[in-house]
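Given next are the chains, with one letter for each unit.
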Amino acid sequence: MSDAVAGFFAPWAVFAAVGVLHLVLPARRMAGYARHERTGEVLQYRVNGLLVFVITLAVWCALCMTGLMPWDWLWQQRWPSALGALVLGLGASAATVLGAPTSGRGLLAELYLGRRENPQPFGGRADAKMYLYLAGAVLLELNVLSFAAHHWDVFGGDASPGVALYVVLMSWFVVDYLVFERVHLYTYDLFAERVGFKLIWGCLFWYPYFYAVGLWAVADLANPDAPAWLLVIAAAVFLGGWVLARGANLQKHRFKREPDRAFLGIAPKALSDGERHMLVSGFWGVSRHVNYLGEIAMGVGLALALGRPSMLAPWLYPLYYVALLVPRERADDRRCAAKYGPLWDQYRAEVRWRIVPRIY
């Protein structure tokens with residue numbers, strides 16, 4: 001088998017391994033926020049993403065340390081590997097959508113957004129959405145490590161400190177998601193998205209390849225000798241964004257599970273119509289989607305970390321977040337206005353800003 005063919009099927013192998021490990025390894029059984037589309041019962045999830053991640057990375061490291069695979073093999077095969085993930089994402093998207101009953105929204109809309117809400121195959125032992133995010137996260141980390149390994153192999157002692165910082169920050173991003181995987185059960189992605197091209201292709205191709213676009217662009221470039229202050233600012237912006245995003249999601253998770261319990265010493269304040277409640281204190285009193293602001297800030301920190309602020313490629317990642325999250329906020333606003341009615345109007349009056357306080 002040629003290296004290019006092996007590279008093409010490498011993401012298939014990684015995704016298959018993640019799927020098997022997710023099914024066979026022990027997991028915590030947790031209730032989510034989404035409900036079964038027919039019975040209305042709260043869905044249950046098996047959560048073991050961090051364990052799957054650690055074992056997958058351990059196998060990858062073992063292959064590299066024993067000489068069976070170069071540390072930068074995924075870099076060497078990045079183009080056929082990306083093509084393999086793209087093709088798999090397209091095929092899996094078509095098969096998933098066309099194999100489900102139509103929702104009546106039109107074929108193109110259904111292919112993009114999906115038909116089924118929360119498929120849980122293998123008798124509920126797996127959840128399609130949770131698996132897709134886990135698979136994408138694992139391959140993203142492998143790509144980041146391999147791309148960085150190529151940079152270090154080429155430049156040795158004169159490697160860019162910004163590449164090392166980027167690896168640390170992006171690995172933090174991935175591991176943080178897996179550590180707090182249970183919190184993801186209460187986010188828009190899990191309870192509002194359907195399973196179609198947007199989610200499947202997004203997780204199998206876009207997530208593990210585009211999210212590393214900055215490192216992809218600079219791994220073959222020499223050390224830019226960026227000033228230390230720029231790297232400090234990059235780390236500070238990233239960590240500030242992480243505080244906003246993670247803090248907001250944790251506060252919402254706490255409120256949905258224990259609505260009367262304080263978070264970080266902040267007593268919850270909520271609007272209510274007697275049946276439904278909306279949090280308007282703490283992070284959620286800053287803006288309606290302060291978590292989106294945090295995610296964009298993390299992207300900016302990653303772009304700055306590579307030490308080339310005038311280069312376009314690293315900025316594609318945070319710009320993508322802007323393009324993704326601003327329309328999503330608008331869609332969520334329409335969905336909530338239809339769902340909550342006058343209570344949503346009260347909420348918008350109480351928390352005026354959509355994402356960025358005093359700006360938007």
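Residues numbered from 1 in each chain as written. Predicted model: local features only at pLDDT ≥ 70, side-chain atom pairs only at ≥ 80, totals over all residues. Heavy atoms only, no water.

**A word on the packing of helix H7 (residues 161-179) against helix H13 (residues 290-305)**
Axes are the key here: two packed helices are described by the angle between their axes and the distance separating the axes. Inclusion rule: To obtain an axis, a line is fitted to C-alpha atoms, over the contacting stretch when the element is a helix, and the angle between two such axes runs from 0 to 180 degrees between their N-to-C directions. Strands are runs of DSSP state E lasting at least 2 residues, helices are runs of H or I lasting at least 4, and numbering of each runs from the N terminus. For classification purposes, angles smaller than 35 degrees are called roughly parallel, those larger than 145 roughly antiparallel, those between 65 and 115 roughly perpendicular, and all remaining angles oblique. The crossing is said to be left-handed when, going from far helix to near helix, the turn is anticlockwise and less than a right angle, and right-handed when the turn is clockwise. By definition, residues are in contact when any of their heavy atoms lie within 4.5 Å.
Closest axis-to-axis distance for the H7/H13 pair is 8 Å, and the angle between their directions is 160°. Classified by the interaxial angle, the pair formed by H7 and H13 is roughly antiparallel. In this structure, H7 meets H13 at a crossing whose hand is left-handed. Residue-level contacts link Gly162, Leu165, Tyr166, Leu169, Met170 and Phe173 of H7 to Met298, Gly301, Leu302 and Ala305 of H13.

**So, the side chain of His184**
Just so we agree on the cut-off: Each residue is assigned to one of three classes by its accessible area relative to the maximum for its type, calculated with a 1.4 Å probe on protein chains only: buried under 20%, partly exposed between the two thresholds, exposed over 50%.
Relative to the assigned elements, His184 resides in helix H8 (residues 181-184). Residue class for His184 comes out buried when judged on its relative accessible area of 10%. Each residue touching His184, except ones within four places of it in the same chain, is listed here: Met130, Tyr133, Tyr177, Asp189 and Leu190.

**A word on a nonpolar patch on the surface**
Rules: Each patch is built from residues that are more than 30% exposed by relative accessible area and take part in no salt bridge. Like charges join if they lie within 9 Å; nonpolar side chains (Val, Leu, Ile, Met, Phe, Trp, Tyr) join within 5 Å. Using a 1.4 Å probe, accessible areas were evaluated by the Shrake-Rupley method; residue-level cover was limited to the displayed protein chains. A pair is scored as a salt bridge if a Lys or Arg side-chain nitrogen falls within 4 Å of a carboxyl oxygen belonging to Asp or Glu.
Side chains of Val5, Phe9, Trp12, Leu83 and Val87 sit close together on the surface and give an oily, nonpolar patch of about 400 Å² of accessible area. Counting residues per element, the ones that place at least two in the nonpolar patch are helix H1 (3-24) and helix H4 (78-98). Assignment of secondary structure puts Val5 in helix H1.

**Some words on helix H10 (residues 197-210)**
Note the cut-off: Here the expected span of a helix is defined as 1.5 Å times the quantity of residues minus one.
Taking 1.5 Å of rise per residue, the 14 residues of H10 would be expected to cover 20 Å, yet its terminal C-alpha atoms sit only 16 Å apart, more than 12% below that figure. For H10, the buried fraction is high: 11 of the 14 residues fall into the buried class. Within the sequence span of H10, burial applies to Leu199, Ile200, Trp201, Gly202, Cys203, Leu204, Phe205, Tyr207, Pro208, Tyr209 and Phe210. Elements in contact with the buried residues of H10: H1, H4, helix H6 (128-155), H7, helix H11 (213-218) and helix H14 (313-340).

**Observations regarding the packing of helix H2 (residues 49-65) against H6**
Packing of H2 against H6 brings their axes to within 10 Å, and their N-to-C directions diverge by 35°. With respect to the hand of their crossing, H2 and H6 are arranged in right-handed fashion. Contacts between H2 and H6 involve Gly49, Val52, Phe53, Thr56, Leu57 and Trp60 from the first element and Leu134, Val138, Glu141, Leu142, Leu145 and Ser146 from the second.

**Side note on the packing of aromatic side chains**
Note the threshold: Here is the rule: rings of Phe, Tyr and Trp (six-membered ring for Trp) pair when centre to centre is within 6.5 Å. Planes less than 30 degrees apart are stacked, more than 60 are edge-to-face, and the remainder are tilted. A ring is scored as having a charge over it whenever the NZ atom of a lysine or the CZ atom of an arginine sits within 6 Å of its centre and within 35 degrees of its normal.
One pass over the structure, following the stated rule, counts 27 aromatic pairs. With a centroid separation of 6.4 Å and an interplanar angle of 25°, the aromatic rings of Tyr340 and Trp344 are classed as stacked. When its relative accessible area of 16% is taken as the criterion, Tyr340 is described as buried. It is Arg78 that lies over the ring of Trp75; its NZ or CZ is 3.7 Å from the centre.

**Side note on the nonpolar core**
What counts, and what does not: Nonpolar cores are built from buried Ala, Val, Leu, Ile, Met, Phe, Trp, Tyr and Cys residues. Side-chain atoms within 4.5 Å join them into one set.
Among the nonpolar cores identified, the biggest contains 85 residues, and Phe173, Tyr211 and Leu215 are the most heavily contacted of them. Broken down by element, this core gets its largest block of residues, 14 residues, from H6. With 19 residues, the next largest nonpolar core counts Leu250, Leu279, Tyr340 and Trp344 among its residues.

**Digging into empty space enclosed by the protein**
Put simply, the rule reads: The method works on a 1 Å grid over the protein atoms by themselves. A cavity is a set of points holding a 1.4 Å probe that cannot get out, a pocket is an open set with protein on both sides within 12 Å along at least five of seven lines, and residues with an atom within 4 Å of a point line them. Grid points are joined across faces, edges and corners, and a volume is the space filled by probe spheres set on the points. Gly falls in the polar group here, along with every residue not listed as nonpolar (Ala, Val, Leu, Ile, Met, Phe, Trp, Tyr, Cys, Pro) or charged (Asp, Glu, Lys, Arg).
Enumeration according to the criterion identifies three cavities of 30 Å³ or more in this entry. Around the largest cavity, the lining residues are Gln251, Arg254, Phe255, Glu258, Arg261, Phe263, Ile266, Pro268 and Leu279. It is helix H12 (residues 228-257) that contributes the most residues to the lining of the largest cavity, three residues altogether. Across the lining of the largest cavity, the residue classes break down as five nonpolar, one polar and three charged.

**Notes on the pattern of salt bridges**
Counted under the stated rule, the structure contains 14 salt bridges. The residue Arg115 makes a salt bridge to Glu110 at a minimum N-O spacing of 2.7 Å. Under the relative-accessibility criterion, Arg115 is labelled buried at 12%. Assessed through its relative accessible area of 1%, Glu110 is described here as buried. Within this structure, Arg288, Asp333, Asp345 and Arg348 form a network of salt bridges that share partners.

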